Amino acid sequence: MKAIKVIAWVFISIVFLLLAIALFVQIPAIQLKIAKYATTWITDKTHGRVEIKDFRIKFPKTIVISGLYMEDLAKDTLAYVGMLKIDLAFSALLHQKVQIHSLNLEDAVVKINRAEKDSLFNYEYLITAFSSGSPTPKKPSAPWTINLKKVGLNNVRVKFDDYHQGTHLAYGQMMLVATDLQYSAEKTGATINKFTASDQNGFAIKEFRSILRMDPHQLSAQKTKIQTLHSNFEG
């Protein structure tokens, strides 16, 4: 979904900004103060409130963010992160690679919405704020590659309300354990070891696991198991 992708890249941008500013500062109080300056700058640029409760870089490779809050222009919650812990290889960033050994996200909320008489979603202001206004074409850069060895999500909620099209979705209690996530221009894949979630109407995914692979020619899912309250599939 485009909305999740946009918010994910904004969070990644925030992490990189905080990392670039605080990379050589190892005093936690100073790291947090710099992080608050950074979120104030983002608030001024986007006009949507951004706040952070705590930010730590535990050298040589761990970033911990707590209480990161993003508000849309209607002053409603766009996203909230209770705790995000990333263990990554800093040196890989110099070669346009995101090499993450582990990523753990807990107590997170994402709310996407669009008003009945509006064609734009509530996250569009982020695209506008960070897009370049220059019509001059830029020289193509080498594509980034992303590799995540292990990902864990716990207690994540996603709400989608499109009053313009009349589509409403809400999923809570989302839990994910995944390994070997890869993203590049040539291929994308992940091994979903466990995923559970429940929606607003009582439908629940009790278990989902699969090995997913996608390239420009095909999409495959192997060793798949899906279990709900009233059905079970393996294939």
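Just above, that's the structure.
Definitions and cut-offs
- Residues numbered from 1 in each chain as written.
- Predicted model: local features only at pLDDT ≥ 70, side-chain atom pairs only at ≥ 80, totals over all residues.
- Heavy atoms only, no water.
- Helix = DSSP H or I, 4+ residues; strand = E, 2+ residues; numbered from the N terminus.
- Buried < 20%, exposed > 50% of the residue type's maximum accessible area, 1.4 Å probe, protein only.
- Areas by Shrake-Rupley, 256 points an atom, 1.4 Å probe, with all protein chains shown as cover.
- Pairing = 2+ DSSP bridges.
- Contact = heavy atoms within 4.5 Å.
- Phe/Tyr/Trp six-rings, centres within 6.5 Å; stacked < 30°, edge-to-face > 60°.
- Expected span 1.5 Å × (residues − 1).
- Arc of directions from axis to C-beta.

Enquirer: Is there a simple way to explain the overall build of the protein in this structure?
Expert: Of regular secondary structure, the protein possesses three helices and 11 strands. When the helices and strands of the protein are read in sequence order from the N terminus, they spell out α-α-β-β-β-β-β-α-β-β-β-β-β-β. Split into buried and exposed, the 235 residues of the protein put 40% on the buried side. Within the structure as shown, the protein displays about 14,200 Å² of accessible surface, and the carbon and sulfur contribution to it stands at 57%.

Enquirer: I would appreciate a short explanation of the pairing of strand S2 (residues 54-58) in the present structure.
Expert: Within a regular strand, the side chains alternate between the two sheet faces. Residue alternation in S2 divides its side chains into a buried set, Phe55 and Ile57, and an unburied set, Asp54, Arg56 and Lys58. Pairing geometry for S2 and strand S3 (residues 62-71), over five bridges, is antiparallel. Note that in S3 the partner of Asp54 across the bridge is Ser66.

Enquirer: Explain the side chain of Ser66 to me, please; I cannot follow it from the model alone.
Expert: Among the structural elements, Ser66 can be located in strand S3. Other than its neighbours up to four places away in sequence, Ser66 contacts Ile52, Lys53, Asp54, Val81, Gly82 and Met83.

Enquirer: Which parts of the structure should I look at to understand the packing of aromatic side chains?
Expert: How two aromatic rings sit relative to each other is set out by the distance from centre to centre and by the angle between their planes. Within the structure shown, the criterion is met by two aromatic pairs. Both rings, one in Phe121 and one in Tyr123, keep their centres 5.7 Å apart while their planes meet at 10°; by these two values the pair is stacked. Pair check on accessibility: Phe121 and Tyr123 agree, each one buried. Measuring from ring centre to ring centre gives 5.8 Å for Phe121 and Phe160, while their planes differ by 35°; the resulting arrangement is tilted. Placement of Phe121 in the loop between strand S5 (97-114) and helix H3 (124-130) and of Phe160 in strand S6 (residues 145-162) is noted, with a sequence separation of 39 residues between them. Phe160 shares its class with Phe121; the two are buried. Taken together, the ring pairs connect Phe121, Tyr123 and Phe160 into an aromatic cluster.

Enquirer: Please clarify how the environment of Ala170 should be interpreted in this entry.
Expert: Residue position: Ala170 is located in strand S7 (residues 167-183). When the C-alpha atoms of Ala170 and Arg157 are compared, they prove to be 7.5 Å apart, with 13 residues separating the residues in sequence. In contact with Ala170, not counting residues within four places along its chain, are Val158, Lys159, Ser198, Asp199 and Gln200.

Enquirer: Please explain the pairing of S7 as it appears in this structure.
Expert: Relative to S7, S6 is paired through 14 bridges, and the arrangement is antiparallel. Its bridge partner lying in S7, Asp162 is registered against Thr167. Here S6 folds back onto S7 in antiparallel fashion, the turn holding four residues, of which Gly166 has a positive phi close to 75°. Note that S7 and strand S8 (residues 188-199) share nine bridges and pair antiparallel. By the bridge assignment for S8, Ala178 is matched with Ile192.

Enquirer: I tried to follow unusual backbone geometry on my own but got confused; where do I start?
Expert: Apart from glycine, the bulk of residues carry a negative phi angle, and the bulk of peptide bonds sit in the trans form. In the Ramachandran plot, Gln173 falls in the positive-phi region, its phi being about 50° despite a non-glycine side chain. Within the secondary structure, Gln173 sits in strand S7. By relative accessible area, which is 59% here, Gln173 ends up exposed.

Enquirer: So what exactly am I meant to see when it comes to the side chain of Lys225 here?
Expert: Summarising the element assignment, Lys225 is placed in strand S10 (residues 219-228). Judged by relative accessible area, which is 15%, Lys225 ranks as buried.

Enquirer: Can you help me understand helix H2 (residues 28-46) in this one?
Expert: Because each turn of an α-helix spans 3.6 residues, side chains separated by three or four positions in sequence point in the same direction. Taking 1.5 Å of rise per residue, 19 residues should cover 27 Å, and H2 covers 27 Å from first to last C-alpha, within 8% of that figure. Restricting attention to buried positions, one finds in H2 the residues Gln31, Leu32, Ile34, Ala35, Ala38, Thr39, Ile42 and Thr46. Burial along H2 is one-sided: seen end-on, the buried residues are contained in an arc of 165°. In H2, the exposed positions angled more than 90 degrees off the buried face are occupied by Ala29, Lys33, Tyr37 and Asp44. Once H2 finishes, His47 follows within two positions and takes phi at roughly 70°, a positive value.

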